[in-house]
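Spelled out, the chains give:
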Amino acid sequence: MTGRQALAEIFEPGHALDHIRLAREADVVVIAPATADVMARAAHGHANDLLTASLLATSSPVLFVPAMNDHMWAHPQTVRNVEHLREIGYRVLDPDDGPLAIGEGSGPGRMPEPEAIVAHLGRLLESDNTLRGRRILVTTGATREAVDPVRFISNHSSGKMGAAIAAAAWRRGADVTLIAGHTDIDLPRGPRVIQIDTTDAMARAVAGEIGAADALIMAAAPADFTVKQVSSSKMKREGGAPSLDLVETADILKGVSSSRKKGSVIVGFALETGDAARRGEEKLRAKDLDMIVVNDQNEEGAGFGGDTNRVTLMSRDGKREELPLMLKTELAEVLLDRIGAMLNGS
Ligand code: CTP
């Protein structure tokens, strides 16, 4: 698959020092799938084959990606081996819970998906440690307010921006909670995800987390209005178009000011359709934010849905930074640089 020779033998003629060379060359070592056997041998410092010998010889980070039968994973001997591997500094993922080999039912033992392995590799290889150990709360996506059992009011938010921020913050070593409404994308692997539906549920989820958060990045697009009287049965065409009585939802950002942790950073977004700078400035003050990310839905490449954005960052201290058009994944990195600097007082 890699186009390179697979190495299996230790001490093959002419290759006696392969385990040392491989150990030295690797920036990171990934063992996937990691069987119960290889973890047992690694936990006991065996070096009787190329893999375990290379493990002892390397000083790079090591990632074990277990895959085995659920009884083998749950066996006290495996549990002890995994604990020991973690104690001595190896990273051992928990296996996924789901269908196992044919006829073996379902349980914890499935090998984590490639996306999860790549995300963990990113975190292991990350050298920027400004957010390491910080608790970062991110919201993303659109909330939905029910009209009747089959209809709802919502908006076009794709969730891409918040997902990119959560993924990048987690890669930088933060402890990330992502509160997600409806999104059009796969949510990142790594962050703890709380999935919610309505603005009220998002407000409650944020209230439950904000006290411990070093930063809140409110990239979600919560619905501003909810239906006063949700119909318990599907509204019918007969009788003509109904009129909906709407009431305002809670402004989540406004509500967090009083319960935020001292020294924390609160970041909001403002998506406008014209006069973006002035409106953004107003929201920064009205919502008592440390920074607001202002973008204009009418601008090419900006706003909901796409992979890019063009934003202006405005800070509490009056600083204003106009950023060029960039990928949302790139913007996530810039935002985290600024948030890291604010958290570390620079
Ligand atoms: N926001 C929030 N609670 C809501 C609505 C929005 O906390 N009920 C947050 C958004 O996540 C965003 C910021 O407030 O970070 C600004 O959202 P925006 O929709 O631009 O502003 P609104 O305050 O809803 O004002 P308007 O829609 O009238 O422009």
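Conventions and cut-offs
- Numbering of residues starts from 1 in every chain and runs along the sequence as written.
- Local features in a predicted model are, by the rule used here, given only for residues with pLDDT of at least 70; side-chain atom pairs are given and counted only at 80 or more, and totals for whole chains, interfaces and linings are based on all residues.
- To obtain the side-chain values, all non-hydrogen atoms of the structure were included, while hydrogens and water were left out.
- Secondary structure elements are defined from DSSP: runs of H or I of at least 4 residues count as helices, runs of E of at least 2 residues count as strands, and each element is numbered from the N terminus.
- Each residue gets one of three labels from its accessible area relative to the maximum for its type: buried under 20%, exposed over 50%, partly exposed in between, using a 1.4 Å probe on protein chains only.
- By definition, residues are in contact when any of their heavy atoms lie within 4.5 Å.
- In these tables, accessible area is a Shrake-Rupley quantity obtained with a 1.4 Å probe, and a residue counts as shielded only by the protein chains included in the view.
- Strands qualify as paired when DSSP identifies two bridges or more between them.
- Domain start and stop positions are those given by an automatic or database domain assignment.
- Note: buried area is the sum, over both parts, of the accessible area (probe 1.4 Å) each one loses when the two are combined.
- Whenever a nitrogen or oxygen atom comes within 3.5 Å of another N or O atom, the pair is scored as a polar contact, on the condition that within protein one atom can donate a hydrogen and the other can accept it, and that pairs from neighbouring residues in sequence are kept only if both atoms are in side chains.
- Each residue gets one label: Ala, Val, Leu, Ile, Met, Phe, Trp, Tyr, Cys and Pro are nonpolar, Asp, Glu, Lys and Arg are charged, and the others, such as Gly, are polar.
- Between the rings of Phe, Tyr and Trp (Trp by its six-membered ring), a pair exists once the centres lie within 6.5 Å; its type follows the angle of the planes, with under 30 degrees stacked, over 60 edge-to-face, and the other angles tilted.
- For helices, the fitted line uses only the C-alpha atoms of the stretch in contact; every axis is such a line through C-alpha atoms, and the angle between N-to-C directions lies from 0 to 180 degrees.
- Patch definition: residues above 30% relative accessible area lacking any salt bridge, with like charges linked at up to 9 Å and the nonpolar side chains Val, Leu, Ile, Met, Phe, Trp and Tyr linked at up to 5 Å.
- Here, a salt bridge means any side-chain nitrogen of Lys or Arg that lies within 4 Å of a carboxyl oxygen of Asp or Glu.
- Residues belong to one nonpolar core when they are buried, are Ala, Val, Leu, Ile, Met, Phe, Trp, Tyr or Cys, and are joined through side-chain atoms within 4.5 Å.

With that settled, the discussion passes to the overall build of the protein. If you tally the helices and strands in the protein, you get eleven helices and 19 strands. Projected onto the principal axes, the alpha-carbon positions of the protein cover approximately 80 × 55 × 40 Å. Counting over 346 residues, the protein shows a buried share of 43%. Considering only intrachain contacts with a sequence separation of at least 6, the fraction spanning at least 24 residues in the protein is 63%. Accessible surface, the protein: about 18400 Å² in total, of which carbon and sulfur atoms supply 51%.

Let us now look at the sheet that holds strand 3 (residues 91–92). Taken together, the three strands give an open sheet; going across it, the order is 1-2-3, and neighbouring strands pair in parallel fashion. Of all the strands in the sheet, the pair left with one neighbour each is strand 1 (29–34) and strand 3. Alignment of strand 1 against strand 2 (residues 62–66), held across four bridges, turns out to be parallel. Considered in strand 2, the bridge of I31 is made with F64.

A few words now on the domain arrangement of the protein. According to the domain assignment, the protein consists of domain 1 (18–124) and domain 2 (130–343). Contact residues are listed per partner, giving seven residues for domain 1 and five residues for domain 2. Here domain 1 and domain 2 share an interface that buries about 600 Å² over both sides, 59% of which is from carbon and sulfur atoms. Seen at the junction of domain 1 and domain 2, the total is two residue pairs in polar contact (both at pLDDT 80 or more). Looking at the side of domain 1 that touches domain 2, its residues break down into two nonpolar, two polar and three charged.

Under the defined criterion, the tally for this structure stands at one aromatic pair. Pairing F64 with Y90 gives two aromatic rings, centres 5.5 Å apart and planes at 65°, and the pair type is edge-to-face. Taken together, the positions of F64 in strand 2 and Y90 in the loop between helix 5 (76–87) and strand 3 put the pair 26 residues apart, joining distant regions of the chain. Judged by relative accessible area, which is 0%, F64 ranks as buried. The class for Y90 is buried, based on a relative accessible area of 16%.

The strands making up a sheet associate through hydrogen bonds between their backbones, and the pairing can be parallel or antiparallel. With respect to topology, eight strands assemble into an open sheet ordered 10-9-6-11-14-15-17-18, the strand pairing being mixed. The open sheet has two edge strands, strand 10 (192–195) and strand 18 (320–322), and neither has a second partner. Along the sheet, successive strands turn relative to each other by an average axial angle of 15°, direction set aside. Both strand 17 (residues 311–315) and strand 18 contribute to a ladder of three bridges, which runs antiparallel. Residue L313 lies in a different strand from strand 18, and its bridge partner there is E321. Against the sheet, helix 10 (residues 276–286) contacts strand 14 (265–272), strand 15 (291–296), strand 17 and strand 18, and its axis sits at roughly 155° relative to strand 15.

Moving on, we come to a nonpolar patch on the surface. A cluster of nonpolar side chains, F225, L244 and L246, forms an exposed patch at the surface whose accessible area comes to about 260 Å². Mapped onto the elements, L244 comes out in the loop between strand 12 (225–227) and strand 13 (246–248). With a relative accessible area of 38%, L244 lands in the partly exposed category.

Residues I136, I165, I217 and L335 are the most contacted members of the largest nonpolar core, which totals 34 residues. The set of elements that each furnish at least two residues to this core consists of strand 6 (135–140), helix 7 (160–171), strand 9 (175–180), strand 11 (215–218), strand 14, strand 15, strand 17 and helix 11 (328–343). Ignoring anything within four residues of it in the chain, the contact list for I217 reads I136, L137, V138, T139, I165, V267, F269, L336 and I339.

This part is about the pattern of salt bridges. In this structure the tally under the stated criterion is 28 salt bridges. Notably, a salt bridge pairs E282 with R278, separated by 2.5 Å at the nearest N-O pair. Of the two residues, E282 and R278 are both situated in helix 10; the distance of four residues between them amounts to about one turn of the helix. According to the relative accessible area criterion, E282 is partly exposed, its value standing at 43%. Classification of R278 as partly exposed rests on a relative accessible area of 42%. Linking R338 and E321 is a salt bridge whose minimum nitrogen-to-oxygen distance equals 2.7 Å. You can see R338 sitting in helix 11 and its partner E321 sitting in strand 18, a full 17 residues away along the chain. According to the relative accessible area criterion, R338 is partly exposed, its value standing at 29%. Connected via shared salt-bridge partners are E126, D128, R171, R172, E333 and D337.

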